[in-house]
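Residue-level structural notes
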Amino acid sequence: MSTDPLIITAAICGAEVTREMSPAVPYTAEELAGEAARCFAEGARVIHLHVRRPDGTPTQDREVFREAIEAIGRQVPEAIIQVSTGGAVGMTVEERTQPLELNPEFCTLSTGTVNFGDDVFMNSFPMIEAIADKARQRGIRMEMEIFDAGFVDNVLLLVKKGVLEPPLHFDFVLGVPGGMTGTVDRLDFLLTTIPEGSTWMVAGVGRFELPLAREAIARGGQVRVGLEDNLFISKGVLAQGSWELVKAVAGYAAEAGRPLATPEQAREILAIPTR
Ligand code: KMH
Ligand code: ZN
């Protein structure tokens with residue numbers, strides 16, 4: 001059993017979930033900041049950030065990101081903001097990488113193409129490399145988003161090519177319809193595929209979220225939860241916000257004897273360069 005500090009990432013908004021699905025989904029900068037602050041108070045140290053237009057349409061617009069990042073910074077300056085470069089399905093690389101122009105400290109990088117419900121989340125090698133180059137040039141730490149086993153192999157190819165550099169940090173996003181499912185045997189297999197010295201996290205989607213969080217905690221990994229991935233705190237019961245899911249995970253950590261990471265410890269574990 002690991003007693004290492006646990007880093008909880010809160011995925012508070014996403015690009016797919018809507019207010020119609022849950023009234024707790026934040027859209028505006030102030031709503032995002034309020035939710036980020038509540039998640040931080042419950043123990044989340046990383047805020048995985050997507051942004052929306054006022055009507056809820058997902059966007060990667062740089063200025064909309066700027067507003068949200070500034071609002072979060074005012075409320076929780078210690079939080080680590082991880083901008084999404086995935087955006088929503090169908091967006092171009094140019095659209096998706098706009099938030100990198102704000103020089104955030106952390107971002108995502110999806111390393112393969114996957115069926116995403118009835119859509120396709122497209123990430124050809126030229127797309128992945130273009131996103132990675134833009135992040136690397138700006139010194140932005142990247143988290144590898146792994147929706148299926150081949151995504152890890154793609155990371156290894158990109159390391160060989162010099163596009164990505166260890167130490168690597170992986171996020172296993174398990175349970176997307178079209179990607180790898182969220183059972184523990186899938187997690188255990190993935191853990192055999194990543195290079196020694198890597199750090200990792202699990203983001204279980206839908207009903208897989210909370211059970212996989214417990215499994216990750218037991219294995220010494222990190223955890224992502226939030227409304228982007230799952231709207232429910234228990235079967236048929238909507239979470240009051242991402243903060244309630246963070247609170248549940250903080251409870252699992254306490255039971256398992258894992259302290260919650262401080263923001264400084266989180267930056268150190270994730271190898272986020274100090275600025
Ligand atoms: N919205 C998904 C299509 C990321 O944030 O980097 C992609 C996504 C991944 O959410
Ligand atoms: Zn995302």
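Placed above this text is the structure.
Now for a quick tour of the structure.

About the criteria used
- Residues numbered from 1 in each chain as written.
- Chains lettered and ligands numbered in written order.
- Predicted model: local features only at pLDDT ≥ 70, side-chain atom pairs only at ≥ 80, totals over all residues.
- Heavy atoms only, no water.
- Pairing = 2+ DSSP bridges.
- Helix = DSSP H or I, 4+ residues; strand = E, 2+ residues; numbered from the N terminus.
- Axes fitted to C-alpha atoms, helices over the stretch in contact; angles between N-to-C directions.
- Contact = heavy atoms within 4.5 Å.
- Buried < 20%, exposed > 50% of the residue type's maximum accessible area, 1.4 Å probe, protein only.

This part takes up the sheet that holds strand β12 (residues 222-225). Read around the closed barrel, the eight strands follow the order β1-β2-β5-β6-β9-β10-β11-β12; overall the barrel is parallel. Strand-to-strand twist of the sheet, defined as the mean angle between neighbouring strand axes without regard to direction, takes the value 25°. With six bridges joining them, strand β10 (residues 169-174) and strand β11 (residues 199-204) adopt parallel strand pairing. Bridging across to β11, F172 finds its partner in V202. Sheet strands in contact with helix α4 (residues 125-137) are β6 (106-110) and β9 (141-146), and its direction is about 165° off that of β6. Sitting on the sheet, helix α5 (residues 149-160) touches β9 and β10, and the angle it makes with β9 is about 145°.

Turning our eyes to something else, we now look at the environment of I272. Position of I272 relative to the elements: it lies in the segment after α9 (263-269). For I272, a relative accessible area of 6% translates into the label buried. Residues I272 and G139, spaced 133 residues apart in sequence, show a C-alpha to C-alpha distance of 9.3 Å. What I272 contacts, discounting residues up to four positions off in sequence, is I80, E105, F106, R141 and R267.

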